[in-house]
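Structural description and commentary
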There are 2 protein chains.
Amino acid sequence: MTQTETGSRTRRRPTTHALDAQTQILEAADTLFYREGARAVGVDAVVKLAGLNKMSLYRQFESKDALLLHYLERRAQRFWGYFEASVARHPGQPREQLLQFFRDLATRATHPSYRGCPFVNIAAEFPDPTHPARLAVATNKTQLMERLRALAREADSPAPERLASGLALLIEGTYAASQTYPPGHPVVMAAVDTARTLLDALAPGTA
Amino acid sequence: MTQTETGSRTRRRPTTHALDAQTQILEAADTLFYREGARAVGVDAVVKLAGLNKMSLYRQFESKDALLLHYLERRAQRFWGYFEASVARHPGQPREQLLQFFRDLATRATHPSYRGCPFVNIAAEFPDPTHPARLAVATNKTQLMERLRALAREADSPAPERLASGLALLIEGTYAASQTYPPGHPVVMAAVDTARTLLDALAPGTA
DNA sequence: GATCCTATGTACCGAGCGGTAACATGTCAA
DNA sequence: TTGACATGTTACCGCTCGGTACATAGGATC
């Protein structure tokens, strides 16, 4: 899909320009889709920011929807990068790992350029739940839930399912509140305290 | 804005048709804006569902944005109708009032046609935080926060601010999770349990 | 230096967007 | 009956959308 096909005889040139173009387009799409909304941004705006031309986009991606799926894939990788970076700061301490993630999330979510969870925004912009982009959203959230469940078990919670669900709801709430409440509203930062309260109640063993 | 102006001399006719048209348009817009997204739906689709034509819309509303604000006003009233209906079922019992709201919210949020919080969806679709629709969103959420704070105080919470923030995050999380997690995922229903856990921790006085 | 192949760019497509001018119709008051 | 005005309808405006046909440019090969 994303690579140009060649004939059988001639050796293929490395198409270095094409690879550059692909990354340029992906980065431009990442910026614009997140900042302005994937549906609101046209392909013209993407190629303009990438310094390219529309045909250069459609030679790398078969449609805007295909580009959208690549955007979500990049965002998923970035999210897990954030998540595991928080976890890595407290090896073997699942409670602190979770709290660290909430602290880092709250920090990101209070940044002026923060526009909420890219997956949530996609779900809001695409009503059809069978749209491929919506499937990518559901996959990401299911994986997040599994990760939270694993950490809840590591924290020796007597109710890991309830703890994981509660934390998942707090995460989604933080995303949403960062966009719906007035800028700088303390409810976003309150997610850390609430997560601690939940951990105190549902994982009392670990200090 | 929504009413036609008349001259000074002649008595104004009741414009019964116009009032009908206005309600038809508002109901069509309510259905479509919520189901498909306000930005994704064109005015043509609205007037078509209303059984009218485009000029009938633009004589009642000066622009699509004006219609959008009316839509949000209707949704705000509906939301407070839901909220106070839950509260009214347990007079004088703030803890039960809050839990009832979470139960009712979870019920609504698991309905197949549920599309999340209309205000959150508007925030996702309109990136500019100074857009009038975004101001309406922020107003609604600020009012919700105040209402939660009042109930937290009524419940004699030693930390009403923290309790209200936590509940607000859970509410937003329920909205979002209903759309981002796969249909029927139990995380949505888990909001009730999590709210109870929060209340146990931050409003232990009331039974 | 001519040839060929491919990556790139220009210009365009039909469709839909929000919004409006102009005109036809209907209905009430004088 | 007639005039005045709110309403209904049609056609259209300029613009942007996602997507594409086709001409051009550039670099390796012979």
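Residues numbered from 1 in each chain as written. Chains lettered and ligands numbered in written order. Predicted model: local features only at pLDDT ≥ 70, side-chain atom pairs only at ≥ 80, totals over all residues. Heavy atoms only, no water.

- The name given to chain A in an unreviewed UniProt entry is TetR family transcriptional regulator, and the organism recorded there is Candidatus Dactylopiibacterium carminicum.

1. Side note on the interface of chain A and chain B
- Contact residues are listed per partner, giving 44 residues for chain A and 44 residues for chain B.
- Of the roughly 3500 Å² buried at the junction of chain A and chain B (both faces included), carbon and sulfur atoms supply 67%.
- For the chain A face of the interface with chain B, the top three residues by lost area are Leu169, Thr180 and Tyr181 of chain A, together amounting to 19%.
- Run the count over chain A and chain B and you get zero salt bridges.
- Connecting chain A to chain B are eight residue pairs in polar contact (both at pLDDT 80 or more). (Contact = heavy atoms within 4.5 Å. Buried area = accessible area lost by both parts, 1.4 Å probe. Salt bridge = Lys/Arg side-chain N within 4 Å of Asp/Glu carboxyl O. Polar contact = N/O pair within 3.5 Å; in protein donor to acceptor, adjacent residues only side chain to side chain.)

2. A few points about the relation of the copies chain A and chain B
- Superposing chain A onto chain B takes a rotation of 180° plus a shift of 0.0 Å along the axis, which leaves an RMSD of 0.0 Å. As the rotation angle and translation indicate, the two copies are arranged about a two-fold axis. Closest approach to the rotation axis among the C-alpha atoms of chain A is made by Gly173 of chain A, whose C-alpha sits 1.9 Å away. (Least-squares fit on C-alpha atoms with pLDDT ≥ 70 in both.)

3. Things to note about the confidence of the model for chain A
- When pLDDT is averaged along chain A, the result is 90, and 90% of the positions lie at 70 or above.
- Low pLDDT, under 50, characterises residues 1–15 of chain A; the predicted model gives this stretch 12 contacts beyond four residues in sequence or across chains. (pLDDT = per-residue confidence, 0-100.)

4. Comments concerning the nonpolar core
- Counting residues in each nonpolar core, the largest one holds 128 residues, and the members touching the most others are Val46 of chain A together with Val46 of chain B.
- Apart from the residues lying within four places of it in its own chain, the contact partners of Val46 of chain B are Ile25, Ala28, Ala29, Leu32, Phe33, Val41, Leu57 and Leu67 of chain B. (Core = buried A, V, L, I, M, F, W, Y, C linked by side-chain atoms within 4.5 Å. Buried < 20%, exposed > 50% of the residue type's maximum accessible area, 1.4 Å probe, protein only.)

5. Let's talk about the packing of aromatic side chains
- Per the counting criterion, the structure on display carries 14 aromatic pairs over all chains.
- A centroid spacing of 6.0 Å and a plane angle of 75° characterise the contact between Phe101 of chain B and Phe102 of chain B, whose relative ring orientation is edge-to-face.
- With a relative accessible area of 0%, Phe101 of chain B lands in the buried category.
- Residue classification places Phe102 of chain B among the buried residues on the basis of a relative accessible area of 1%.
- If you follow Arg75 of chain A out to its NZ or CZ, it ends over the ring of Tyr34 of chain A, 4.2 Å from the centre. (Phe/Tyr/Trp six-rings, centres within 6.5 Å; stacked < 30°, edge-to-face > 60°. Lys NZ or Arg CZ within 6 Å of the ring centre and 35° of its normal.)

6. Focus on the side chain of Arg75 of chain B
- The residue Arg75 of chain B is located in helix α4 (residues 64–88) in this model.
- Here Arg75 of chain B is in contact with Asp30, Tyr34, Pro118 and Phe119 of chain B, once residues within four sequence places are set aside. (Helix = DSSP H or I, 4+ residues; strand = E, 2+ residues; numbered from the N terminus.)

7. Let's talk about the pattern of salt bridges
Residue and element names in this part refer to chain A.
- Counting across every chain of the model gives 22 salt bridges over all chains.
- The closest approach of N and O atoms between Arg74 and Asp30, which form a salt bridge, is 4.0 Å. Of this pair, Arg74 sits in helix α4 (residues 64–88) while Asp30 sits in helix α1 (residues 16–36), and the two are 44 residues apart along the sequence.
- Among the residues examined, Arg74 registers a relative accessible area of 28% and is labelled partly exposed.
- According to the relative accessible area criterion, Asp30 is buried, its value standing at 5%.
- We note a salt bridge from Arg75 to Asp30, for which the minimum N-O separation is 2.9 Å. Of this pair, Arg75 sits in helix α4 while Asp30 sits in helix α1, and the two are 45 residues apart along the sequence.
- One connected set of salt bridges, linked through shared partners, spans Asp30, Arg74, Arg75 and Arg78.

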